[in-house]
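# Overview (structure and organization)
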Amino acid sequence: MPDSHVTCPNCGYGHDNLRKSTRMFDCPACGTTLYLEQDAVKPIGNSGEMHDYPMLFGIGDTVEAEGKSYIIQGHARYDYGRGTWDEFYGEDSTGLGAWFSIDEGDVVIQHAFDSGSGPRRDTPPAVGEKFSYSGKDYTVTEGDTATCIAVRGQFPELIRVDDAHFFINASGASGQLLSGEFWEGGRQWYEGDWLDPFTLKVRRQDGSTRP
């Protein structure tokens, strides 16, 4: 659902299609990243350089996953040294948000835990470590530092270019994925599942479909 009209304080470009959940978005006219704080719109930096290459979906496309349809609202790209991965934020018709991660053809859908919930870990577990959460057993399969290099579209939280965090991915026995992000003074957990990219249904803005 669109929010009220806001104007970029850097160039004057008008934004009329912001969603109620949006807290951060990029200005397509000048490339400034903007943050909504109460009734104020604040510039917080640039949106980075998003090099284009073929993707399974993009902003404005509808992705069907787990029996729901999500319209992609935001796209962030992260560098983790060995390469990059793409993170997409989408919302269904009720406003429920989901995060889609694409890394070398692998696709994951995850939902964020409420702030402060998730495993009670102030520091990230090490690769190979086993732990349990909510009756499920997990093994940490990956841990590294990721840096945001570009953002496009709208997000319900602040994602700033050049910000870095440490992340871990932990796999469950039935294919579940539990991910944690850690930074100075905070953490955020996400839970979800792997998706088969060959069966993923995508309806693009132009009305075409994939597959």
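Residues numbered from 1 in each chain as written. Predicted model: local features only at pLDDT ≥ 70, side-chain atom pairs only at ≥ 80, totals over all residues. Heavy atoms only, no water.

In the annotation of an unreviewed UniProt entry, the entry for the protein reads DUF4178 domain-containing protein, and the organism field reads Gymnodinialimonas ceratoperidinii.

Moving on to the UniProt feature "domain: DUF4178" (unreviewed entry) in the protein. Feature annotation in UniProt assigns "domain: DUF4178" (unreviewed entry) to the following positions: residues 59-197. Taken end to end, residues 59-197 has its terminal C-alpha atoms 17 Å apart, with 0% of it in helix and 64% in strand. (UniProt positions renumbered as here; feature names shortened; annotations may be inferred. Helix = DSSP H or I, 4+ residues; strand = E, 2+ residues; numbered from the N terminus.)

Let's shift gears to the state of the cysteines. Joining two cysteines, a disulfide is a covalent bond between their sulfur atoms. Under the defined criterion, the tally for this structure stands at zero disulfides. This cysteine, C11, is not joined by any disulfide, and C30 carries the nearest cysteine sulfur, 3.7 Å off. Distance from the sulfur of C148, which forms no disulfide, to the nearest cysteine sulfur (C30) is 17 Å. Taking the relative accessible area as the measure of exposure, C148 reaches 1% and is therefore buried. (Disulfide = S-S within 2.5 Å. Buried < 20%, exposed > 50% of the residue type's maximum accessible area, 1.4 Å probe, protein only.)

Inspection of the entire model under this criterion finds 11 salt bridges. A salt bridge links R19 to E91, with the nearest nitrogen and oxygen atoms 2.6 Å apart. You can see R19 sitting in the loop between β2 (14-15) and β3 (24-26) and its partner E91 sitting in strand β8 (residues 84-91), a full 72 residues away along the chain. Here R19 falls in the buried class, since its relative accessible area comes to 17%. Overall, E91 belongs to the buried group, its relative accessible area being 3%. Among the salt bridges present, the one from D122 reaches R187, with a minimum N-O distance of 3.1 Å. (Salt bridge = Lys/Arg side-chain N within 4 Å of Asp/Glu carboxyl O.)

Attention now moves to the packing of aromatic side chains. Per the stated rule, a full pass over the model turns up 13 aromatic pairs. Measuring from centroid to centroid gives 5.1 Å for W85 and F167, while their planes differ by 65 degrees, and the two rings are edge-to-face. Residue W85 is located in strand β8, and its partner F167 is located in strand β13 (residues 164-172); the two are separated by 82 residues in the primary sequence. On the accessibility criterion, F167 (6% relative accessible area) is buried. A centroid spacing of 5.0 Å and a plane angle of 55 degrees characterise the contact between Y89 and W99, whose relative ring orientation is tilted. Here Y89, found in strand β8, pairs with W99, found in strand β9 (residues 97-103); they are 10 residues apart in sequence, far enough to count as distant. In terms of burial, Y89 and W99 fall into one category: buried. Among the aromatic residues, those joined into a ring-pair cluster are F57, Y70, F88 and F100. Between the NZ or CZ atom of R121 and the centre of the ring of F131, over which it lies, the distance is 6.0 Å. (Phe/Tyr/Trp six-rings, centres within 6.5 Å; stacked < 30°, edge-to-face > 60°. Lys NZ or Arg CZ within 6 Å of the ring centre and 35° of its normal.)

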